[in-house]
Amino acid sequence: MKIGIDKIGFYAPHLYVDMNNLAKARDVEPAKFTIGIGQEKMAIAPLTQDAVTLAANAAMEILDDSDRAAVDFVIFGTETGVDHSKAAGVYVHHLLNLQPHTRTVEVKQACFGATAGIQMAKGHIALNPDSKVLVLASDIARYGLRTGGEATQGAGAVAMIISKDPKILALEEPSSYLTEDVMDFWRPVYSEYAQVDGKLSNEMYLSFFEKIWNAYKQKTGLGIGDFAAICYHLPYTKMGLKALRTIYDQGTETDKDRLLENLEYSKIYNKHVGNIYTGSLYLSFLSLLEHQSNLNAGDRIGLFSYGSGAVGEFFTGLLQPDYQVHLNTKQHQDLLASRKEVSVEEYEQIFEAKLPKDGTDFELDVDADPAKIKLSGVGGHIRHYMNSSQVKV
Ligand code: COA
């Protein structure tokens, strides 16, 4: 039985800051951000968007009535959830009117969470072939103003339906994975901001890629000549090139050119959104599919997932016939094109705006946010969400 990605949706908040302007404000050469790091725009989440609303907006785009009836497992990958106890997916389940006999959980392991979700979903479908799983990957990456990680922030979500007979990508069986206890990036429970050793995180990412790729090759006998493209977790888009260049001489010149060309397509959305942590790999996969018209059914795509701390995995899938018909390319391009640029000063104000920490009543200006699903306020320690679309909640 084929199991894999049947549908894929994406959402980013409606505000962004231009990286050239951020560089100037931080007294940095703009080329460092745009070329050295490889980012052009950074999505900014207003208070009306959090991990729940970003995920719900991404999922709303792909769910139809038959999905609503068949989804019986919601797996929400995030490292910027809104509650220490309640799974963010329970809010999404309600906001999107999913059928009640559903198992809903949140999965955390830095940027690896959604990959764990996909693998769990694959097992669930193998045991329950007629069900579908909604895997959500949603985060707001915040390192803090004027920090070393500031240029690698962002916000957004990817939503995927995992099912049998998938319309987009059939996952293959072998994968290789690795865990090592490393303090390259973490966020203590008392802190809003991530702690990061940036240089170590780059080194660990590459060391994981090397070990996992070698283990994968040993397990399968496959090499880079067997891949149409490899998508990477992209905390910033230069990271993909750093990883690819460690292996691109293992094949022919044609292999190298093909993988480099496809890496460019797989970076386009990420360059304009920034780091969305656990969704970044899947945004990159979506970017490849929605920009490269030369891929064919049966092409093998590799996916490298890395979550600091650290857990990594390399797994693969085969593109399905007519997969292009099942993408929402125009909608995603319109979404990014319709965003509003904010100045660095406005970005700083939005960044510093906070919800009350003591649960007192607080109403948000929902009219300023064009998203269909948004946080409308907090009262009595409860977050209140609204869905202004046709979907009844
Ligand atoms: N023109 C072009 N490139 C330039 C440049 C310029 N004027 N100035 C600097 N650069 C290049 C550097 O050569 C470097 O390239 P390289 O990585 O290929 O060597 C790149 O820009 C970044 O410069 P660097 O001095 O290393 O940046 P930094 O000290 O500000 O740190 C990160 C960059 C990514 C480590 C930092 O933003 C961070 O900690 N981010 C969060 C953690 C993260 O994303 N980790 C990734 C793995 S999970």
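Residues numbered from 1 in each chain as written. Predicted model: local features only at pLDDT ≥ 70, side-chain atom pairs only at ≥ 80, totals over all residues. Heavy atoms only, no water.

### Overview of the side chain of threonine 78
(1) Moving on: Structurally, the position occupied by threonine 78 is in the loop between strand 4 (71–77) and helix 5 (88–95).
(2) Moving on: Threonine 78 sits in the buried class, given a relative accessible area of 1%.
(3) Moving on: Within polar-contact distance, the side chain of threonine 78 engages the backbone oxygen of serine 138 at 2.7 Å.
(4) Moving on: Beyond its immediate sequence surroundings of up to four residues, threonine 78 is in contact with Ala51, Glu106, Val107, Lys108, Ser138, Asp139 and Thr278. (Helix = DSSP H or I, 4+ residues; strand = E, 2+ residues; numbered from the N terminus. Buried < 20%, exposed > 50% of the residue type's maximum accessible area, 1.4 Å probe, protein only. Polar contact = N/O pair within 3.5 Å; in protein donor to acceptor, adjacent residues only side chain to side chain. Contact = heavy atoms within 4.5 Å.)

### Looking at the UniProt feature "binding site: (3S)-3-hydroxy-3-methylglutaryl-CoA" (unreviewed entry) in the protein chain
(1) Moving on: According to UniProt, the positions carrying the feature "binding site: (3S)-3-hydroxy-3-methylglutaryl-CoA" (unreviewed entry) are Tyr143, Lys242 and Asn275. Checking the annotated residues one by one, the ones that line the second largest pocket turn out to be Tyr143, Lys242 and Asn275.
(2) Moving on: Residue classification places lysine 242 among the partly exposed positions, given a relative accessible area of 22%.
(3) Moving on: Filtering out sequence-adjacent residues up to four positions away, lysine 242 remains in contact with Asn202, Leu206 and Tyr236.
(4) Moving on: Summarising the element assignment, asparagine 275 is placed in the loop between helix 9 (253–273) and helix 10 (280–291).
(5) Moving on: Residues contacting asparagine 275, with those up to four places away along its chain left out, are Ala141, Tyr143, Thr152, Gln153, Gly154, Ala155, His233, Leu234, Pro235 and Ser280. (UniProt positions renumbered as here; feature names shortened; annotations may be inferred. 1 Å grid on protein atoms, 1.4 Å probe; cavity = no way out; pocket = protein on both sides within 12 Å on 5 of 7 lines; lining within 4 Å.)

### Some remarks on the sheet that holds strand 17 (residues 373–379)
(1) Moving on: Spatial strand order, 16-17-18: 3 strands in an open sheet with antiparallel pairing. Of all strands in the sheet, those bounded by a partner on one side alone are strand 16 (362–363) and strand 18 (382–387).
(2) Moving on: Bridge count between strand 16 and strand 17: 2 bridges; the pairing is antiparallel. Each bridged residue has a counterpart across the sheet, and for phenylalanine 362 the counterpart in strand 17 is valine 378. (Pairing = 2+ DSSP bridges.)

### Observations regarding the pairing of strand 2 (residues 15–18)
Here is the key point about a regular strand: its side chains alternate between the two faces of the sheet.
(1) Moving on: The side-chain alternation of strand 2 yields two buried faces, one formed by Leu15 and Val17 and the other by Tyr16 and Asp18.
(2) Moving on: Two elements, strand 2 and strand 3 (residues 41–44), share 4 bridges in a ladder whose sense is antiparallel. For leucine 15, the partnering residue across the bridge sits in strand 3 and is isoleucine 44.
(3) Moving on: Across 2 bridges, the pairing between strand 2 and strand 15 (residues 340–341) is parallel. Within strand 15, the residue paired with leucine 15 across the bridge is lysine 340.

### Details of the nonpolar core
(1) Moving on: The biggest cluster of nonpolar side chains holds 82 residues, and the ones touching the most others in it are Leu134, Ile162 and Phe285.
(2) Moving on: Among the elements that line this core, the one with the most residues is helix 3 (residues 51–60), at 8 residues.
(3) Moving on: Each of domain 1 (3–169 + 328–386) and domain 2 (173–321) accounts for three or more of the residues forming this core.
(4) Moving on: For isoleucine 162, the contacting residues outside a window of four places in its chain are Ile3, Gly4, Ile5, Ile118, Ala121, Lys122, Ile125, Lys132, Val133 and Val135.
(5) Moving on: Membership of the second largest hydrophobic core comes to 40 residues, among which are Leu22, Ile44, Leu263 and Phe314. (Core = buried A, V, L, I, M, F, W, Y, C linked by side-chain atoms within 4.5 Å. Domains from an automatic or database assignment.)

### Examining the site of the ligand
(1) Moving on: What surrounds the ligand is a group of 18 residues, the closest being Lys32, Lys199, Ser201, Lys238 and Lys242.
(2) Moving on: One nitrogen or oxygen atom from the side chain of serine 201 is found 2.8 Å from a nitrogen atom belonging to the ligand.
(3) Moving on: Between the ligand and lysine 238, the relevant distance is 2.7 Å, taken from an oxygen atom to a side-chain nitrogen or oxygen of the residue.
(4) Moving on: Computed on the free molecule, the ligand has an accessible area of 960 Å², of which 70% lies beneath the protein chains in the complex.
(5) Moving on: When atoms are counted within 2 Å of each cavity's grid points, the one that captures over half of the ligand is the second largest pocket.
(6) Moving on: Only helix 2 (30–37), helix 7 (198–220) and helix 8 (238–244) provide two or more residues apiece to the shell around the ligand.
(7) Moving on: A total of 4 residues in the shell around the ligand trace back to one element, the largest contributor, which is helix 7. (Near = heavy atom within 4 Å. Areas by Shrake-Rupley, 256 points an atom, 1.4 Å probe, with all protein chains shown as cover. Sits in = over half its atoms within 2 Å of the grid points.)

### A few points about the side chain of aspartate 6
(1) Moving on: Its location among the elements puts aspartate 6 in strand 1 (residues 3–11).
(2) Moving on: A relative accessible area of 2% means that aspartate 6 is categorised as buried.
(3) Moving on: For aspartate 6, the side chain forms a polar contact with the main-chain nitrogen of lysine 167, separated by 3.0 Å.
(4) Moving on: Not counting chain neighbours up to four residues away, the residues in contact with aspartate 6 comprise Lys132, Ile161, Ser163, Asp165, Pro166, Lys167 and Ile168.

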